[in-house]
Structures are given as C-alpha cells and as structure tokens.
Amino acid sequence: MQTNKNSSEIKKSPMMNKEEINYLKMCKKYPQIFIQAHRTSKQEGFEYFYSGVSNKNAKKKFLSRIWHVGDGLGVFGRLKRIWTMIGNFRKIMKGKKQCYSDLEVYYKNLEQAGKITQNTNSNLRNTYPNKELWKELSEYADKKWNVKLGFTKLPEQLIFKGKGVLFRYALVCIQEMEKEKIDQAPKKIAGVEVMRVYATLGFAVNDIAEWLRSRGVNCQSNHPLGGLVNTPPLAGKAGLGWIGRHGLLITPEFGPRHRIAPILIENKTFEYTDSTEHRWIEQWCKNCGKCQKECPTQAIYSEKQVSIENVAGISNTRTCINRDKCFPYFNETFGCSVCIKVCPFSKGITSYKRLKKVVKDK
Ligand code: SF4
Ligand code: SF4
C-alpha cells in the first residue's frame, strides 16, 4: 500500500466541503492509484480564488452578494430572487457533496486492499465499443437532463494543479443555459441562470454516473463548479466544439452558452468522439474580438496568458483570460456572462453554420 507523508498538506478553500477535503487526502495518500496532475499543469480550480479569505469573511461576502442579487426589484421580487438563489446554492452544495460521497465504495476498497477491487463489468470490455449502451446512455442523458455527451481520454495536463482523479477516460457532459436570461448579462438574472445550470448539471452528472454504475461501469462524477479538471479543452478534445478567445468552449448548438462537467470512467468503454472539426473557430476569433471589447474588467487579451503545450489530441491549449481580473467580477455577479452574451456563436446553430461558411469561403 503506497502512502504519502504529505497527506495532511491539502490546500483548502472556503468553497470545499469535508467530503472534497477527504477526497484530496485520499488522492495524496494513494498517489499510484489516483491519476495525478501532470507536472506541467499550471492552473488551479477557481475555488482557490478565495483561498486567502477566512471562512467567516467568505460567508459574510457571500451573504452580502445574495442580498444584492435582488437589486432593482421590489420587496417581493427581491425576496423571490433571493429564495431562488439560495435554492440553487443548496442544490450546488448537495451535488458537490454527492460527487465525493459516492466514491466511498472505492475508498473502502483502497483502505482494505490498496487498490480498487470493484472492477468494471468484464462483459463491457469484451463487447467494446458497446454501441447499444452508448445509444441508450446518450438518449437517457438527453431526455432526462438535456445533456449532450462526448467521450475521450483525459490528458493529465488537464487535471488541475495539486489534484487527481480516479479514472482515465472522460464522459464529457454539456448542458445549455437559456438564451433569454444570458442575453440580460451582466444583470443578476443571468447570474441566476448560471447558478441554476451549475446546480442541475451537478445533479445530472451524479445521476448519469449512478446509471453507469448500475450497469457495472466504475466511474466518478465531478461537479461543474470548482472541479478537478479543466473542462473546456477536454470538451474540445472530445469533439464537442472548440475554445474561443474568451476561454469558453464554443459548440455548434449553443456556442459558449452552456456549462460542462465530466464523469471519469475506469475503462475505454465507448468509442472516442474526438475531432478537430471545430478548430476553424480560432480563425473566426482572430478577426472578431467582441468579447475582448465588451468584457467589463478587460480580462480578455488578444494574446495567450497561459498555454499548456503538447496535449494529446489538441496539441496546445491556450487561454487569453486574465483570471485575476475576471474572477472577482464573476463572483460578484454570480457568473457575469457578458462574454457569452456578445459572442456571435451564442445565437445557436444557424449562426455557427453561417460563420463557418464565411471562414471556409475565404
Ligand atoms: S466572465 Fe465577464 S469578466 Fe470574465 S472574461 Fe467574461 S466578460 Fe470578462
Ligand atoms: S466573441 Fe468573438 S472573439 Fe470572442 S470568443 Fe466569441 S467569436 Fe471568438
């Protein structure tokens, strides 16, 4: 059994619950079982934005932000909005907790045998690529949760610095945010929509993971808010879209108007959906720059701020966002979304097809 002397050195953030802290301890305790972030992984999850703030201060700030979510509304409107937001946050916290508490069966295996003994149903290995199961899964995710799926291998460079995951293959899940609400960004109504989708997608990935486990697939769901992996490039690798200048994944159906969360899977159970067919979006971004012009904090640049080199399947991934400028405003407004609103791809598939034609005809 492999243990690590540094198991107590966990970098905490006020956004973490005790289940997540316990997970990070397991990750440090079993470094040969958990797939650790690559030594070149540069980015941390955005929950660390608050890492220098005490729990008490974080709570105070949060309560003040919740109060202001109803600014501009009458008394009843304010109370209703606050109630909706509190409901969203309770669901987010519940979903985040479940992502980790669902792993207890694997922890038990690790503590007893030093490895995960609960292996994925061997029939699924013999019947790879399990096309029927993939079809059933895609229909389930779409009908019950309005979630689109991709499947790919997780590059270690996309695991956030200091973190790790239990399984190597990624089912990438995407859920749309309503256009009418996001179009009102940076008004608070857009932030309510962002939090609503964080909450529902969190429930969706936990439920889809449960669906998979009931069919003998070992897996680990991860919440879309404050996760373990950098999801936009992962979803790009899985062929679901490509990253725009604003650092968000642009998909043909919703543009950047969605949230992403992964489910990590033990074996290569399905065929990869990898593709670079949406890479032309980079070309469009070069001449567009709307998000850069409209960003209220000037957090978007023309040039890369961070790049991760040699990522399998997508070569280099880059971000033009200065997170120190973006995150305070993102937190303040519960999700800002100005860069999503102004992105021409947010209009949907017709816009995607039109812009593609313009780029290809050049
Ligand atoms: S979320 Fe808002 S602050 Fe952050 S990059 Fe987009 S527009 Fe700028
Ligand atoms: S607003 Fe323009 S530059 Fe920014 S991501 Fe969208 S298409 Fe690219």
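Each residue is numbered by its place in its chain's sequence as written, counting from 1. Starting at A for chains and at 1 for ligands, labels are handed out in the order in which the entities are written. Confidence filtering applies because this is a predicted model: local features only for residues at pLDDT of at least 70, side-chain atom pairs given and counted only at 80 or more, and all residues used for totals across whole chains, interfaces and linings.

Engineer: It is not clear to me how the site of ligand 2 should be interpreted in this structure. Could you clarify?
Structural biologist: In this entry, near means the residue's backbone-placed C-beta atom lies within 6 Å of the molecule or strand. Around ligand 2 there are 13 residues in total, and Gly244, Cys285, Cys288, Cys291 and Cys343 lie nearest to it. In this text, helices come from DSSP runs of H or I with a minimum length of four residues, and strands from runs of E with a minimum of two, each type numbered from the N-terminal end. Secondary structure elements with two or more residues in the shell around ligand 2: α10 (281-288) and α11 (290-294). The element contributing the most residues to the shell around ligand 2 is α10, with three residues. Residue classes in the shell around ligand 2 are distributed as eight nonpolar, three polar and two charged. Three classes are used: nonpolar for Ala, Val, Leu, Ile, Met, Phe, Trp, Tyr, Cys and Pro, charged for Asp, Glu, Lys and Arg, and polar for all others, with Gly counted as polar.

Engineer: Looking at this model, I keep getting lost on the site of ligand 1. Mind explaining?
Structural biologist: Around ligand 1, the surrounding shell holds 13 residues, and the nearest of these are Cys295, Cys326, Cys336, Val338 and Cys339. Elements that contribute at least two residues to the shell around ligand 1 include exactly α12 (323-332) and α13 (338-342). At three residues, the largest contribution of residues to the shell around ligand 1 is made by α12. Along the lines of polarity and charge, the residues of the shell around ligand 1 split into eleven nonpolar, two polar and no charged.

Engineer: So what exactly am I meant to see when it comes to the sheet that holds strand β8 (residues 258-265) here?
Structural biologist: Within a sheet, each strand pairs with its neighbour through backbone hydrogen bonds, oriented either parallel or antiparallel. Strand order in this open sheet of four strands is β2-β4-β8-β5, and the pairing throughout is antiparallel. Whereas interior strands pair on both sides, the edge strands pair on one side only; in this sheet they are β2 (147-153) and β5 (219-221). For this sheet, the mean inter-axis angle between neighbouring strands, taken without regard to orientation, is 25 degrees. Sheet analysis places β2 next to strand β4 (residues 169-176), joined by seven bridges and oriented antiparallel. Bridge assignment links Thr152 to a residue of β4, and that residue is Ala170. Strand contacts of helix α6 (residues 131-145): β2 and β4, with the helix running at about 145 degrees to β2, the strand carrying the most contacts. Strands qualify as paired when DSSP identifies two bridges or more between them. Helix axes are fitted to C-alpha atoms over the stretch in contact, other axes to C-alpha atoms as well, and angles between N-to-C directions run from 0 to 180 degrees. It is the C-beta atoms, placed from the backbone, that decide contacts: two residues are in contact if theirs lie within 7 Å.

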